[in-house]
Amino acid sequence: MADNDKEILTREGKANIEKKLQHLIDVEKPRALADLNLARSQGDLSENADYDAARERVQELETEINRLQFTLDHSIILDEGAVRSSDLHTCRLGGGKITVKNIEKGVAETFTIVGSAEADPLNGKISNTCPVAIAVLGHRAGDTVEVQVKNPYSLLIEKIEEN
């Protein structure tokens, strides 16, 4: 897998994925296996809805564990310490919070740019591959950028907070 095909994770994002993975392995999977064994002990498996549900839950957990492990195994960890001092006050992947204002609508929004594996728009973390992130990356507070979507619009970068 080429480096440009790999997911990008911040150190915080990697730690969060590792924590979730350990929880699934140490807590959720043993609980699901215990439920499966209990359902299996109830007799005829051909008409045992509890057994089917427990088996499905174990399969879902295995899939999620494998997905998280794959993400960790095939990611590049962003080296936030390698940022040049000239880049400190620019919008960058893994940088601080960025506040932008939609010039037409006058609506402000604050977010952090992260790799797609960490993206969580409802919690202010947008993917580096989304149009807004692409538009602001490399720009400074005070710059106006155009977001290239079907109906393009302009954003004023109001503030960049350092982590």
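Residues numbered from 1 in each chain as written. Predicted model: local features only at pLDDT ≥ 70, side-chain atom pairs only at ≥ 80, totals over all residues. Heavy atoms only, no water.

Caption draft 1: Geometry of the pattern of salt bridges. The tally for this structure, following the rule as stated, stands at 10 salt bridges. Of the charged contacts in the structure, one is a salt bridge between arginine 57 and glutamate 28, with a shortest N-O distance of 3.3 Å. Here the residue arginine 57 occupies a position in helix α2 (residues 49–73), and glutamate 28 occupies one in helix α1 (residues 11–40), the gap between them amounting to 29 residues. The class for glutamate 28 is buried, based on a relative accessible area of 18%. (Salt bridge = Lys/Arg side-chain N within 4 Å of Asp/Glu carboxyl O. Helix = DSSP H or I, 4+ residues; strand = E, 2+ residues; numbered from the N terminus. Buried < 20%, exposed > 50% of the residue type's maximum accessible area, 1.4 Å probe, protein only.)

Caption draft 2: Spatial organisation of the layout of surface pockets. What the second largest pocket holds in volume is close to 200 Å³. Along the walls of the second largest pocket sit Gly13, Asn16, Ile17, Lys20, Arg67, Leu68, Thr71, Ala117, Glu118 and Lys125, which together make up its complete lining. When contributions to the lining of the second largest pocket are tallied by element, the ones reaching two or more residues are α1 and α2. Residues of the lining of the second largest pocket, tallied by class, amount to three nonpolar, three polar and four charged. (1 Å grid on protein atoms, 1.4 Å probe; cavity = no way out; pocket = protein on both sides within 12 Å on 5 of 7 lines; lining within 4 Å. Points joined across faces, edges and corners; volume = space filled by probe spheres on them. Nonpolar A, V, L, I, M, F, W, Y, C, P; charged D, E, K, R; others polar.)

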